[in-house]
Amino acid sequence: MRASATLGEISGRLGGELIGDASTGIDAVGPLDSATPSTIAFLANPLYEKQLAASQAGCVIVAPAFREAAAIRGAAIVTPDPYLYFARLTQWWAERTRPAPLPGIHPTALVDPGAEVAADASIGAFAVIEAGAAIGAGVTIGAHAFVGRDCVLGAGTRLGPRVTVMFETTLGERCFVQCGAVLGGDGFGFAPTAGRWEKIEQLGRVRLGDDVEIGANSCIDRGATGDTVIGDGVKIDNLVQIGHNVRIGAHTAIAGCVGVAGSTTIGAHCMLGGGVGISGHISIADHVVVTAATQVTRSIAKAGVYSGLFPFDDNASWEKNAATLRNLHALRERVRALEKKQS
Amino acid sequence: MRASATLGEISGRLGGELIGDASTGIDAVGPLDSATPSTIAFLANPLYEKQLAASQAGCVIVAPAFREAAAIRGAAIVTPDPYLYFARLTQWWAERTRPAPLPGIHPTALVDPGAEVAADASIGAFAVIEAGAAIGAGVTIGAHAFVGRDCVLGAGTRLGPRVTVMFETTLGERCFVQCGAVLGGDGFGFAPTAGRWEKIEQLGRVRLGDDVEIGANSCIDRGATGDTVIGDGVKIDNLVQIGHNVRIGAHTAIAGCVGVAGSTTIGAHCMLGGGVGISGHISIADHVVVTAATQVTRSIAKAGVYSGLFPFDDNASWEKNAATLRNLHALRERVRALEKKQS
Amino acid sequence: MRASATLGEISGRLGGELIGDASTGIDAVGPLDSATPSTIAFLANPLYEKQLAASQAGCVIVAPAFREAAAIRGAAIVTPDPYLYFARLTQWWAERTRPAPLPGIHPTALVDPGAEVAADASIGAFAVIEAGAAIGAGVTIGAHAFVGRDCVLGAGTRLGPRVTVMFETTLGERCFVQCGAVLGGDGFGFAPTAGRWEKIEQLGRVRLGDDVEIGANSCIDRGATGDTVIGDGVKIDNLVQIGHNVRIGAHTAIAGCVGVAGSTTIGAHCMLGGGVGISGHISIADHVVVTAATQVTRSIAKAGVYSGLFPFDDNASWEKNAATLRNLHALRERVRALEKKQS
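Below is a summary of the structure that appears in this document. On a predicted model such as this, the values are computed, not experimentally measured, just so you know. (Residues numbered from 1 in each chain as written. Chains lettered and ligands numbered in written order. Predicted model: local features only at pLDDT ≥ 70, side-chain atom pairs only at ≥ 80, totals over all residues. Heavy atoms only, no water.)

1. Let's talk about the overall build of chain A
Looking only at helices and strands, chain A features 6 helices and 40 strands. Computed over the C-alpha atoms, the radius of gyration of chain A is 26 Å, more than 25% above the 20 Å expected from 2.2 N^0.38 for a compact globule of 343 residues. Overall, chain A is about 80 × 70 × 35 Å in size when its C-alpha atoms are taken along their principal axes. Surface summary for chain A: the accessible area is close to 12400 Å², and the carbon and sulfur share equals 55%. Across chain A, the 28 positively charged side chains and the 32 negatively charged ones have centroids separated by 9 Å. (Helix = DSSP H or I, 4+ residues; strand = E, 2+ residues; numbered from the N terminus. Rg over C-alpha atoms; globule rule 2.2 N^0.38 Å. Areas by Shrake-Rupley, 256 points an atom, 1.4 Å probe, with all protein chains shown as cover. Lys, Arg positive; Asp, Glu negative; His and termini not counted. Charge placed at Lys NZ, Arg CZ, Asp CG, Glu CD.)

Following this line, the structure appears as structure tokens:
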């Protein structure tokens, strides 16, 4: 479904100072470099400034600092935070170009008579809702999704196709869980006994706050005893593993392929880069940024940026450095010996 | 579903020496630090000893070494292995609080007439069982699960919702496969030819022993030729990738986000930490422990603990160390030169 | 389903020089080391040469260099590229041993009247095809698969069970998407605002070329604006995450557990080893090989092999080296001081 809007409609709805002809028509929101005259684009990252002059975009959303540079080339919307403006524009655009889900229960869906489903909720084809589940107002549940017994989905929450929400999991309002994510699977808990592993049944639950997003094929394990808790506004990308009894503070963002081991607490407003690993039973303060692929093996008590990643290189250089690294301790001893001799 | 039990019932069933009033009622199994007077908790890790005195738990499961410390504060069950006791308690608790699956085939499930399904097996909604599959006694198959042709599921095995078991895969008895796991997908095999990749059809199978657990959204690839074999009692966490023709020995435990490349053999009683990677075509001895995020790039012939992870630090320190690391080989040459001069 | 063939049939169909009795019967394609007299095996990697003499295989596919060694032990097929020969043999074998999917729409599948489905396409049980989707000739769609509105699947493309293809995604011809993969989920895009995250609706699409393979439970995110583009012949293994607006050139191969962050461009004919991570907004040239677990944090302009991985060791050695590494910069300063003094 295509949409179109005039610049006047856009700035009328979303604000900003419009420079240029309000009647200009736009039919796409797109990147600067491949924009056409009917595209509205944005410049948020100064790294892309050089694309501005060359862009064919019909209109560019810019910060006040780029007002002149943008106006020289054509229409512009000037706003203090172009990235946020762009975010709101994408939301409005999506609303207008995507069909709203039909309210009601698809005839092929199986809703247990013991479940409560709001009248305006939308339950997709072949979805299964078990007894005791409570599905709030305006909830959307995709095809092939599974909502186990006694789960609670707050108003406005959306589950993509084939999301699995295991029993007793609770989601706040306006959450969005993407395709294939699993909430409330068993945590990894076994007691060793005589060379074998004895299963620890996972008796806790998963609880999500409001406005949480969980990416495709990510997994949030239920608590062993006690719960796994994801705070309000937390955003989790694809293929992320959150172990049992983890607690994540509000508005923390976690990029793809991250693993957080069990019983760890992560503060609010943290950012974990792609591929980060966090050990179990540790604690990370608020406002901690961990850069991509870093393995956090002990608690972090102070806000700040943390890193730990082997720098890549051409293979031959890496091999030489890695070989030396394997004897790094011996190298330090040699330096110590030299220092002794010299002193 | 809530359960309750008296301490007398618990110790009567699971053993241990009960200190305190056998008629005390318990309605939750929980962690020491958030326990209430109706919670039974345990102390297995001495790291948590300081939580013991302060805990509000109605009863604490402890080892003989903590008998005094536990008895001072109230009721206790003393047992040589509190963690194992706790595991068995969770099993008993789960049995009592979770509804048993209904035996029989859900009316919406599709079971090919050429499949054999034990009379007491439970087949969930919208499940698909293809021809030639053999579903053993007491097997539970979740909603939206798929069992391909000629698969064998041993007695007591459970598949969570939307597990996929591709054709010819065999599972032993009492296995548990969690949501979204894929057993028997194609391994990654291609022959290069003139700048393109020619598919190697994966003709082998996946075979799981008894008592194997596979985590949510994990993947076990079928063999190229010959089989991928997972030994008895192996426990695999979420989002783990096991390549084609891998063999894993009995009672090995593999934490989340691990990847094992094709044709590698891992011994029995090994433990792989979260995020570990294992190269293809190598061999790991029995009783090897690999700590989290280590990349194992050659065979390990000897039991022991192996590690290899860039230590994380605040970003500024890491940058300085990483930059030096990129010239580590040159630094070694400089030390060598100093040694020469000095000698 | 078992198959059998004579050596004459095999070499008649696939070529090569047959040494030995053309009437010898073969009933399995297998590895050298566990072959029986009715197995046909191959030797492509000289590392496995020592298995040749001892193998019980009824026939071995070898390169001309191994003609003598193979002929001494029995029947052989000599061909310039034994691995490619083996690949084609597996394809022929699979064709003969696996039932072809039934053309037509399974009675339980839901195909929107506004979707176009080729007459010979095979749509599995409980599959959902939304309006506007175009399903090409000979396409196979597995059970529980989901194809969103306005998707296009080119001729001969196959989706495994419970693959999800979100709206507007296009796949070329002869693609193969394995179980649980998600194409066209939302990319991870949020604008920060006052300590919260504002969703950037992902308005772009995913476009796959011809002959693309995507592994089980892998995720390819749709573009934010503009598209995520996977070139012809690209092969992607299991549990791989491809971020929004990534572009991957033709015939690149990506092993399991790789993560590619958003807006990165990867060239043609590249190979990424298992567990590799690629940062966002960078560019990788054609013919780049990145070895396993390497984190690529900046653009690579030149073909070649790149690495960066902390070498593993026994835990005690690793701890000593890692501790020294944390002070590596200081060690360099000490070496510099020694050099100054000495000069």
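Read on, since the account is not over.
2. As for the interface of chain B and chain A
At the junction of the two partners, chain B supplies 70 residues and chain A supplies 76 residues. With both sides pooled, the region where chain B packs onto chain A buries about 6000 Å², and carbon together with sulfur makes up 62% of that total. On the chain B side of the contact with chain A, R98(B), R162(B) and F312(B) bury the most area, a combined 13% of that side's loss. Residues R196(A) and D211(B) are paired through a salt bridge, measuring 3.6 Å at the closest nitrogen-oxygen approach. In this assembly, chain B and chain A are joined by 31 residue pairs in polar contact (both at pLDDT 80 or more). For the side of chain B that touches chain A, the elements supplying multiple residues, two or more each, are α4 (82–97), β28 (235–236), β31 (253–254), β40 (313–314), α5 (315–325) and α6 (328–342) of chain B. Among the elements that line the side of chain B that touches chain A, the one with the most residues is α4(B), at 10 residues. Across the side of chain B that touches chain A, the residue classes tally to 37 nonpolar, 18 polar and 15 charged. When strand β39 (residues 304–307) of chain A meets β40(B), the two strands line up antiparallel, connected through 2 bridges. In the strand pairing of β40(B), S307(A) is matched with D313(B). (Contact = heavy atoms within 4.5 Å. Buried area = accessible area lost by both parts, 1.4 Å probe. Salt bridge = Lys/Arg side-chain N within 4 Å of Asp/Glu carboxyl O. Polar contact = N/O pair within 3.5 Å; in protein donor to acceptor, adjacent residues only side chain to side chain. Nonpolar A, V, L, I, M, F, W, Y, C, P; charged D, E, K, R; others polar. Pairing = 2+ DSSP bridges.)

3. Description of the interface of chain A and chain C
Often the size quoted for an interface is simply the accessible area lost on bringing the parts together. Facing the 70 residues of chain A at the interface are 76 residues of chain C. The contact between chain A and chain C buries some 6000 Å² in all, and 62% of this surface belongs to carbon and sulfur atoms. It is R98(A), R162(A) and F312(A) in chain A that bury the most area against chain C; as a group they hold 13% of the surface buried on that side. Joining chain A to chain C, the criterion identifies 6 salt bridges. Across the chain A-chain C interface, the total number found is 31 residue pairs in polar contact (both at pLDDT 80 or more).

4. What about the sheet that holds strand β12 (residues 128–129) of chain B?
All names here are of chain B. Pairing within the open sheet is parallel, and its 10 strands lie in the order β9-β12-β15-β18-β21-β26-β29-β32-β35-β38. Looking at the sheet topology across the chains shown, the edges are occupied by β9 (110–111) and β38 (295–296). Pairing between β12 and strand β15 (residues 146–147): 2 bridges, direction parallel. Among the inter-strand pairings, I129 is bridged to a residue of β15, identified as V147.

5. What about α6(B)?
When the terminal C-alpha atoms of α6(B) are compared, their 21 Å separation across 15 residues agrees well with the 21 Å that a helix rising 1.5 Å per residue should span. Taken residue by residue, α6(B) has L328(B), H329(B), L331(B), V335(B) and L338(B) as its buried positions. If you follow the buried residues of α6(B), they end up packed against α5 (315–325) and α6 (328–342) of chain A, α5 of chain B together with α6 (328–342) of chain C. (Expected span 1.5 Å × (residues − 1). Buried < 20%, exposed > 50% of the residue type's maximum accessible area, 1.4 Å probe, protein only.)

6. Examining the pattern of salt bridges
All names here are of chain C. Applying the stated criterion to the full structure yields 49 salt bridges over all chains. When the shortest N-O distance is used, the salt bridge between R205 and D227 registers 2.9 Å. Pair noted here: R205 is in the loop between β23 (196–199) and β24 (206–208) and D227 is in the loop between β26 (219–221) and β27 (228–230), with a separation of 22 residues, a long-range link. For R205, a relative accessible area of 28% translates into the label partly exposed. Accessibility expressed as a relative area gives 12% for D227, which makes it buried.

7. With respect to the state of the cysteines
Under the defined criterion, the tally for this structure stands at 0 disulfides over all chains. Left without a disulfide partner, C257(C) is nearest to the cysteine sulfur of C257(A), which lies 8.1 Å away. (Disulfide = S-S within 2.5 Å.)

8. Side note on the environment of L159(A)
Residues and elements named next belong to chain A. Assignment of secondary structure puts L159 in strand β17 (residues 158–159). With relative accessibility at 3%, the residue L159 sits in the buried group. Spatially, the C-alpha atoms of L159 and E319 are 47 Å apart, while their sequence positions differ by 160 residues. With near-sequence residues (within four places) excluded, L159 lies in contact with T140, I141, G142, V147, L153, V165, L171 and V177.

9. Things to note about the environment of A100(B)
Residue and element names in this part refer to chain B. By the secondary structure assignment, A100 is in the loop between α4 and β8 (104–105). For A100, a relative accessible area of 63% corresponds to the exposed category. Sequence spacing of A100 and T140 is 40 residues, and the spatial spacing of their C-alpha atoms is 9.8 Å.

10. As for unusual backbone geometry
The backbone of H144(A) shows a phi angle near 65 degrees, a positive value even though the residue is not glycine. Inspection of the secondary structure puts H144(A) in the loop between β14 (140–141) and β15 (146–147). Look at R162(C): it is not a glycine, yet its phi comes out positive at around 40 degrees. As for its placement among the helices and strands, R162(C) is situated in the loop between β17 (158–159) and β18 (164–165). R162(C) sits in the buried class, given a relative accessible area of 2%.

11. Observations concerning the sheet that holds strand β37 (residues 288–290) of chain A
With mixed pairing, the 12 strands of this open sheet are ordered in space as β8(A)-β11(A)-β14(A)-β17(A)-β20(A)-β25(A)-β28(A)-β31(A)-β34(A)-β37(A)-β39(A)-β40(B). Looking at the sheet topology across the chains shown, the edges are occupied by β8 (104–105) of chain A together with β40 of chain B. Summarising the sheet, β8(A) and strand β11 (residues 122–123) of chain A pair through 2 bridges and their orientation is parallel. Its bridge partner lying in β11(A), I105(A) is registered against I123(A).

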